[in-house]
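Residue-level listing of the chains:
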Amino acid sequence: MNAIDVFLDWLSDYLNFELNPKKNIFWLDTIDFLCKRFDNPQDYAPCIHVAGSKGKGSVSKMIACILEEAGYNVGLYSSPHITDFRERICKPSGFFDESVYEEAIKEMIPNVDSIIDLPGDRPITWFELVTLYAFLCFRKAKVNWSVFEVGLGGRLDTTNVIRPKICCITPIELEHTEFLGDTLEKIAAEKAGIIKNCTPVVIARQQTESVKILFREKAITRHAPYYFVDEITKNAGYCFNTTAKKMKIHFESDIFSRPIETQLSLLGKMQAQNAAQAAITVRKIFPNLSEDIIERGLAKAKLPGRFEIIENIKKYEGIKHLILDGAHTCNSIRLTLDTLHKLYQNQKVNLLFACAADKDVNDMAPILKDNFEHMYITKPGSKKKSDINSEIKAFEKTGCPFTANADYKLMIKMAFEESAKKGVILLVTGSFYLIAEVKNYLMSL
């Protein structure tokens, strides 16, 4: 086994919230203890903290790409990964040298294994160790800047031991309600926990005025300068280049000397908003950074599983395009469909869908109906808890034809074969875990 495989095998003994959600396991005492044990690697380089319900992965990647384009050695910590664990801990342009990952593992495992007494009566979790590992990797790589995407919530998220130069909060949606609260305001209060004393925060457009007020009041309480993206930008717009499968964006703000205009590989209305937030965030830190660098950085940002378009599939040449999108909330599903219709007007599309048990399939199914030639419904793989019977009942209520089976490998193969036979587009959505299984299937061809 290579070093990463050894590390993942070692990690498997610890509670993984991503796979097995549990209540009352969030606090900062353990990660604070671990950081002190390793001489506070989280403070090695200046950093940026990004929280929110939707878009935080894209905003984090865009910020990191801009900083890299400006000449900095940048570390990016995000989740989930799709096919390679190192996607969580990397540079914007790719993985670190293997020596970085290996040396961090050699430092980390024996030191953690030798711990006798932890603060409180509570075991270390998988995500705490992965976050610590990111801190160590960035120190080994001697990064100049690092960007940290929050895992869950904000206030008690493991990443909240960092001391950022600036924070970002992306749009808030109802998500993880069992753990974060059952209203937008309760969830926003958890996300607002990343706002630090006297530390600027850039906040995206929000669904409700009450959420906006909550963030403003929290910032004022913390004496933190705050900037709402929708208040300091104007003349924002986007249009699709259907041939190149890219998106041209433009927006203006008084903090720039001219309008920002560039082409994004990340597609959709939400990505245009994410780009503005990322650009403003970096400009607030570097007020003299040129618009050219910002535009080039945004243009380089790519992420797997965010309306990712794959062409020329070996064995399935009949599939016009394969689209992989990890949308798993009602609003994100709507945005995915909006992008789909704008890029592929009047073209026939099949759907391969699966979601985790904690997602609201009863609300997602009606949004998806009447948009596809045929729908294939399954489980999002074997790692994430799911409920195929709930999915079937939800799609039965729509009255639209579909094929369902809990055997996700069978359904992936069927969706590919029938889409190729009919010469249609195939959209895969509902879960990043399903995206990972499809990626694995593609690699096996």
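Coordinates for the structure precede this section.
1. Focus on the side chain of His 374
Now for step 1: Following the sequence through the fold, His 374 ends up in the loop between α13 (361-368) and β14 (375-377).
Now for step 2: For His 374, a relative accessible area of 16% corresponds to the buried category.

2. With respect to the sheet that holds strand β16 (residues 425-429)
Now for step 1: Pairing within the open sheet is mixed, and its six strands lie in the order β11-β12-β16-β13-β14-β15. Lying at the two open borders of the sheet, with one neighbouring strand each, are β11 (308-310) and β15 (402-404). Each strand axis lies, on average, 20 degrees off the axis of its neighbour in the sheet, ignoring direction.
Now for step 2: Note: strand β13 (residues 349-353) against β16, five bridges, orientation parallel. Note on β16: the bridge partner recorded for Leu 352 is Val 428.

3. A short note on the pattern of salt bridges
Now for step 1: Taken as a whole and judged by the stated rule, the model has 20 salt bridges.
Now for step 2: Here Lys 212 ties to Glu 231 by a salt bridge, and the two come within 2.9 Å at their closest N and O atoms. In this pair, Lys 212 is assigned in helix α8 (residues 209-221) and Glu 231 in helix α9 (residues 229-232), connecting sequence segments 19 residues apart.
Now for step 3: Given a relative accessible area of 12%, Lys 212 falls into the buried group.
Now for step 4: For Glu 231, a relative accessible area of 48% gives the class partly exposed.
Now for step 5: Glu 295 is the salt-bridge partner of Arg 258, the closest N and O atoms lying 2.7 Å from each other. Remark: Glu 295 occurs in helix α11 (residues 291-300) and Arg 258 occurs in the loop between β9 (246-252) and β10 (260-264); sequence separation between them is 37 residues.
Now for step 6: It is possible to trace a salt-bridge network through shared partners that takes in Lys 212, Arg 216, Asp 230 and Glu 231.

4. As for the sheet that holds β9
Now for step 1: In space, the three strands of this open sheet follow the order β8-β9-β10, with antiparallel pairing throughout. Since the sheet does not close on itself, it has two edges, and those belong to β8 (234-241) and β10, each with one partner. With direction set aside, neighbouring strand axes in the sheet form an average angle of 15 degrees.
Now for step 2: Bridging between β8 and β9 involves six bridges; their strand directions are antiparallel. Residue pairing in the sheet places Tyr 238 in a bridge with Ile 249 of β9.

Definitions and cut-offs
Residues numbered from 1 in each chain as written. Predicted model: local features only at pLDDT ≥ 70, side-chain atom pairs only at ≥ 80, totals over all residues. Heavy atoms only, no water. Helix = DSSP H or I, 4+ residues; strand = E, 2+ residues; numbered from the N terminus. Buried < 20%, exposed > 50% of the residue type's maximum accessible area, 1.4 Å probe, protein only. Pairing = 2+ DSSP bridges. Axes fitted to C-alpha atoms, helices over the stretch in contact; angles between N-to-C directions. Salt bridge = Lys/Arg side-chain N within 4 Å of Asp/Glu carboxyl O.

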